[in-house]
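One-letter residues, chain by chain:
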Amino acid sequence: MEGFKNLINTIASPTILFTATMVLFFFIFPLNDWFDKWNRRLKLHLLWTKKAMIIAALLMAGFFLFGLSDPDFRSIVLKPDNVPISGLIFLVYFFTWLSMHQAYQNDERLENGEKVDEHYDAPNDKALVWPDLVYVEFIALILCSAFLLVWSIGLQAPIEEPANPTESPNPAKAPWYFLGLQEMLVYFDPWMAGVVLPSLIIIGLIAIPYIDRDPGGSGYYSYKNRKLSIALFMFGWLVLWDMLIIVGTFLRGPNWNFFGPFEYWDIHKLEALTNINFSEYIYVKWFNTGMPNNILIREIWGILVLLGYFLILPPLLAKTWMKDLFARLGSFRYSVFIVLILIALTLPIKMYLRWMFNLKYIIAIPEYFFNF
Amino acid sequence: MLEKFRDTQFYKSIFRGGGVPKSRRQRMMVVLNSVFLHLHPVRLPKHAVKLKFTWCMGGLTFFLFLIETISGILLMFYYRPTIEYAYTDIIDLAEQVPFGIMREIHRWGAHAMVITVWLHMFRVFMTGSYKPPREFNWAVGVILLLLTLLLSFTGYLLPWDQLAIWAITVGSNMARATPFFGYEGPGASLLAIGDINFITMASDARFALIGGRFMGEAALLRFYVLHCIGLPFIIMIFMAIHFWRIRKDGGISTPV
Ligand code: HEM
């Protein structure tokens with residue numbers, strides 16, 4: 001039992017959990033034909049069958065039930081404001097399954113030359129709102145109300161000690177839906193994690209329909225013809241958003257240290273980490289000269305790296321790997337698309353630089369609060 | 001008995017037409033005659049009424065918003081947004097008010113609404129319903145998502161307990177790192193004439209948000225006003241646009 005718990009604690013650590021996810025993700029949600037081929041070969045598409053859903057749901061429920069026997073797990077999962085996130089885990093899983101299940105079914109139908117499930121023969125296939133839709137809505141409404149009522153009677157809303165601005169709790173956590181952003185604070189300064197990245201999420205979401213203009217695949221679930229869009233959206237939504245929230249809620253304890261789900265939140269847990277800036281690597285470790293005084297000279301390497309990343313990589317990709325995409329989108333749409341993707345990718349990149357090299361900032365200009 | 005009642009002058013005066021809607025025409029008239037049902041079209045594609053297509057998530061989000069409005073109004077009867085009273089009013093709410101689960105309904109409903117908006121967005125994405133002609137409504141939806149989160153965030157402060165102020169402190173501290181407009185943000189020092197900085201601790205984005213240099217009375221009042229009046233007002237306008245556009249864009253998306 002203890003062995004199993006220790007195993008889970010280890011697997012749950014960000015490095016392992018995130019790496020496993022990164023490796024598996026695009027095989028589960030194929031990004032292109034190559035991944036799709038492997039998806040079929042590894043039989044990962046079976047994940048979207050009814051059987052797999054039932055097994056997965058049982059496993060997840062089993063894990064939670066087992067976990068509840070552990071005091072550390074219980075104290076974090078049953079914290080009133082964390083209950084919705086347990087719910088979120090199940091709901092996100094179920095609806096991911098539901099949409100993928102229907103998508104793969106429709107893909108199969110299309111392949112066999114049949115019509116998709118949502119096929120609609122205007123104006124014959126019309127249903128009346130009264131009573132057909134109103135009936136469904138009414139039931140949904142009753143169920144939702146009943147659910148909320150039971151939840152409200154069963155679980156009291158939290159209220160802690162009166163506010164005390166001089167005594168900060170440890171850890172101090174933002175509301176759960178912003179914990180993905182707070183988790184990003186580990187790797188980015190507040191101006192990025194708290195301001196720029198959230199703004200870009202909003203802008204990026206709004207930009208989706210203006211970038212993905214392929215009129216096919218609208219109005220029904222499908223995957224095959226929308227691989228790139230769906231895989232990228234899934235990655236942002238499931239990994240960079242939901243997973244970070246779950247990590248931030250359940251696995252971050254005092255001093256924002258990592259704690260496994262079965263680990264006691266020890267305030268004195270030490271993570272002796274000294275993080276080093278890119279410029280320090282260059283001047284101190286490699287050139288052995290000591291840091292230059294001029295800010296520009298000091299940071300020029302990081303600036304060059306970033307310029308290369310944002311200015312050289314996009315045209316390079318457009319010429320090679322993303323040639324078709326570039327042709328389809330045109331230069332303006334392609335530029336917006338690729339810059340948004342590259343910015344999103346800075347998060348996993350910075351994570352790995354941190355884990356592997358203890359890298360703190362690529363550009364560090366604390367004099368002007370500009371650290372990246 | 002019920003059928004008779006439906007033929008009375010009283011019933012007919014409320015529900016135009018009266019009687020049990022039996023024929024196709026009568027059923028269509030039910031929708032056309034009702035201000036509430038009129039949000040809907042009269043007829044719609046068969047797959048659009050199926051739960052497995054829309055998951056009813058948009059509808060549930062709207063329903064939860066209505067629940068939040070009603071329970072929120074009830075909470076406002078008891079709650080005073082001052083440092084002196086806020087906390088004790090919340091305590092009293094649970095202990096003194098009969099059937100005191102309004103706060104639970106409001107809080108859990110808010111959490112649920114955040115989840116349903118996300119899932120609604122996810123469903124819209126997966127059915128490709130953001131594609132033309134629905135691009136703009138998707139954008140309106142993104143604004144609705146943002147507003148939902150902000151509503152939830154502003155409400156989080158109001159109990160004025162440790163959980164509340166520290167969660168909001170973590171959140172609003174980010175504002176002081178806003179590029180150019182936060183006093184610890186990159187570029188803020190560029191907004192200066194000579195030695196005079198325009199962006200200081202008492203004039204930056206964070207100051208605007210919490211109405212002071214520290215979390216206090218002004219922050220509570222600001223969040224209260226935004227939470228109870230400002231944001232609901234704005235979100236209702238955007239919801240109206242959202243619903244209007246669903247109809248104008250041809251109703252629930254269908255395969256072409
Ligand atoms: C307060 C939040 C929101 C409410 C109350 C709301 C409500 C609704 C409702 C009732 C529908 C009808 C179909 C359905 O239930 O799925 C709908 C459709 C739609 N919603 Fe929302 N919504 C909200 C947020 C969003 C968000 C965050 C997005 C996307 C970012 C979005 C994009 C759309 C689009 C594109 C449609 C048309 C779907 C179609 O034609 O199939 N909405 N919304």
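Residues numbered from 1 in each chain as written. Chains lettered and ligands numbered in written order. Predicted model: local features only at pLDDT ≥ 70, side-chain atom pairs only at ≥ 80, totals over all residues. Heavy atoms only, no water.

Trainee: I would appreciate a short explanation of the overall build of chain A in the present structure.
Mentor: Check the secondary structure of chain A and you find 13 helices and 3 strands. The burial tally for chain A puts 46% of its 372 residues in the buried class. Excluding contacts between residues fewer than 6 apart, the proportion of contacts in chain A whose partners are at least 24 apart in sequence is 68%. Put simply, chain A has 28 plus and 31 minus side-chain charges, and the middle of one group is 8 Å from the middle of the other. (Helix = DSSP H or I, 4+ residues; strand = E, 2+ residues; numbered from the N terminus. Buried < 20%, exposed > 50% of the residue type's maximum accessible area, 1.4 Å probe, protein only. Contact = heavy atoms within 4.5 Å. Lys, Arg positive; Asp, Glu negative; His and termini not counted. Charge placed at Lys NZ, Arg CZ, Asp CG, Glu CD.)

Trainee: What should I look at first to understand the confidence of the model for chain B in this one?
Mentor: In low-pLDDT segments, the atomic positions of the prediction should not be examined closely. Residue and element names in this part refer to chain B. Per-residue pLDDT for chain B averages 89, and the proportion of residues at 70 or more is 100%. Between the elements of chain B, mean pLDDT differs from a low of 72, seen in strand β2 (residues 192–193), to a high of 97, seen in helix α8 (residues 135–157). The complex prediction reports pTM at 0.94, with the ipTM value standing at 0.94. (pLDDT = per-residue confidence, 0-100.)

Trainee: When you look at the site of the ligand in this model, what are you seeing that I'm missing?
Mentor: All names here are of chain B. Among the 25 residues in the neighbourhood of the ligand, the closest are listed as His120, Arg123, Gly141, His242 and Ser253. Between the ligand and the protein, one listed contact pairs an oxygen atom with a backbone N or O atom of Gly59 at 3.5 Å. Ser253 has a polar side-chain atom sitting 2.9 Å from an oxygen atom of the ligand. Those elements giving two or more residues to the shell around the ligand turn out to be α5 (57–78), α7 (102–126), α8 and α11 (217–248). Looking at which element gives the most residues to the shell around the ligand, the answer is α8, with 6 residues. Among the residues making up the shell around the ligand, the classes are represented as 12 nonpolar, 11 polar and 2 charged. (Near = heavy atom within 4 Å. Polar contact = N/O pair within 3.5 Å; in protein donor to acceptor, adjacent residues only side chain to side chain. Nonpolar A, V, L, I, M, F, W, Y, C, P; charged D, E, K, R; others polar.)

Trainee: Is there a simple way to think about the interface of chain A and chain B in this case?
Mentor: One frequently used descriptor of interface size is the decrease in accessible area upon assembly of the parts. Counting residues at the interface gives 93 residues for chain A and 87 residues for chain B. Here chain A meets chain B over a buried area of about 8400 Å², counting both sides, of which 74% is carbon and sulfur. For chain A, the biggest contributors to the area lost against chain B are Leu128(A), Trp130(A) and Tyr177(A); these three give 8% of the whole. Taken together, chain A and chain B are joined by 3 salt bridges. The partner of Asp81(A) in a salt bridge is Arg107(B), and the shortest N-O contact between them spans 2.7 Å. At the surface where chain A touches chain B, the tally comes to 37 residue pairs in polar contact (both at pLDDT 80 or more). (Buried area = accessible area lost by both parts, 1.4 Å probe. Salt bridge = Lys/Arg side-chain N within 4 Å of Asp/Glu carboxyl O.)

Trainee: Explanation requested: the coordination of the iron atom of the ligand in the structure shown.
Mentor: Think of it this way: four donors in a tetrahedron around the metal ideally sit 109.5 degrees apart, and six in an octahedron ideally sit 90 or 180 degrees apart. Residue and element names in this part refer to chain B. Within the protein, the iron atom of the ligand binds to His120 (NE2) and His242 (NE2); these donor distances fall in the range 2.0 to 2.1 Å. Classification of the site at the iron atom of the ligand as octahedral follows from its 6 donor atoms and the range of 87 to 179° in their angles at the metal. One end of the pair, His120, is in helix α7; the other, His242, is in helix α11, with 122 residues separating them in the sequence. Classification of His242 by relative accessible area gives buried; the value is 12%. (Donors = N, O, S within 2.8 Å, 3.2 Å for Na, K, Ca; no water. Tetrahedral: all angles 85-135°; square planar, octahedral: opposite > 155°, others 65-115°.)

Trainee: Just checking my understanding: could you explain empty space enclosed by the protein for this structure?
Mentor: Empty space among the atoms can be located by rolling a probe the size of a water molecule over them. Per the stated rule, a full pass over the model turns up 2 cavities of 30 Å³ or more. Taken as a whole, the largest cavity holds about 70 Å³ of empty space. Along its surface, the largest cavity is lined by Pro14(A), Leu17(A), Phe18(A), Glu183(A), Tyr187(A), Met243(A), Leu244(A), Val247(A), Met351(A) and Trp355(A). Secondary structure elements with two or more residues in the lining of the largest cavity: α2 (14–28), α10 (227–250) and α13 (323–357) of chain A. When its residues are assigned to classes, the lining of the largest cavity shows 9 nonpolar, no polar and 1 charged. In this structure, the second largest cavity encloses a volume near 30 Å³. What lines the second largest cavity is Gln102(A), Gln105(A), Asn106(A), Arg109(A), Asp117(A), Glu118(A) and Lys52(B). Top contributing element to the lining of the second largest cavity by residue count: helix α6 (residues 83–111) of chain A, with 4 residues. Of the residues in the lining of the second largest cavity, the class split is no nonpolar, 3 polar and 4 charged. (1 Å grid on protein atoms, 1.4 Å probe; cavity = no way out; pocket = protein on both sides within 12 Å on 5 of 7 lines; lining within 4 Å. Points joined across faces, edges and corners; volume = space filled by probe spheres on them.)

Trainee: I'm lost on the environment of Asp212(A) in this one. Help?
Mentor: In this fold, Asp212(A) is placed in the loop between α9 (190–211) and α10. Residues Asp212(A) and Leu228(A) lie 16 residues apart in sequence; the distance between their C-alpha atoms is 9.7 Å. Not counting residues within four places of it along the chain, the set of residues in contact with Asp212(A) comprises Ser229(A), Tyr130(B) and Lys131(B). Engagement of the side chain of Asp212(A) in a polar contact is seen with the side chain of Ser229(A), the distance being 3.4 Å. Within the structure, Asp212(A) has its side chain in polar contact with the side chain of Tyr130(B) (distance 2.4 Å).

Trainee: Could you clarify how one ought to interpret the packing of aromatic side chains in this entry?
Mentor: What describes a pair of aromatic rings is the distance from one ring centre to the other and the angle between the planes of the rings. Residue and element names in this part refer to chain A. Summed over all chains, the structure comprises 55 aromatic pairs over all chains. The interplanar angle of 70° and the centroid separation of 6.0 Å between the aromatic rings of Phe63 and Phe262 together place this pair among those described as edge-to-face. Note that Phe63 is positioned in helix α4 (residues 50–68) and Phe262 in the loop between α10 and α11 (278–286), a separation of 199 residues in sequence. Judged by its relative accessible area of 6%, Phe262 falls in the buried class. Judged by centre distance (5.9 Å) and plane angle (50°), the rings of Tyr104 and Tyr223 are tilted. Note that Tyr104 is positioned in helix α6 and Tyr223 in the loop between α9 and α10, a separation of 119 residues in sequence. Comparing Tyr104 with Tyr223, the two get one shared label, buried. (Phe/Tyr/Trp six-rings, centres within 6.5 Å; stacked < 30°, edge-to-face > 60°.)

Trainee: I tried to follow the packing of α8(B) against α11(B) on my own but got confused; where do I start?
Mentor: For any two helices packed against each other, one specifies the inter-axial angle together with the distance between the axes. Residues and elements named next belong to chain B. At a minimum axis separation of 9 Å, α8 and α11 run at an interaxial angle of 160°. Judged by the inter-axis angle, α8 sits roughly antiparallel to α11. For α8 against α11, the interelement crossing comes out left-handed. For the contact of α8 with α11, the residue count by class is 21 nonpolar, 7 polar and 1 charged. (Axes fitted to C-alpha atoms, helices over the stretch in contact; angles between N-to-C directions. Parallel < 35°, antiparallel > 145°, perpendicular 65-115°, else oblique. Left-handed = near helix turned anticlockwise from the far one by under 90°.)

Trainee: Teacher, can you tell me more about the pattern of salt bridges here?
Mentor: Counted according to the given criterion, the structure contains 14 salt bridges over all chains. Across the pair Lys52(B) and Asp117(A) runs a salt bridge whose closest N-O atoms are separated by 2.9 Å. One end of the pair, Lys52(B), is in helix α4 (residues 51–54); the other, Asp117(A), is in the loop between α6 and β1 (126–128), on a second chain. Through salt bridges with shared partners, one network takes in Glu2(A), Lys5(A) and Asp70(A).

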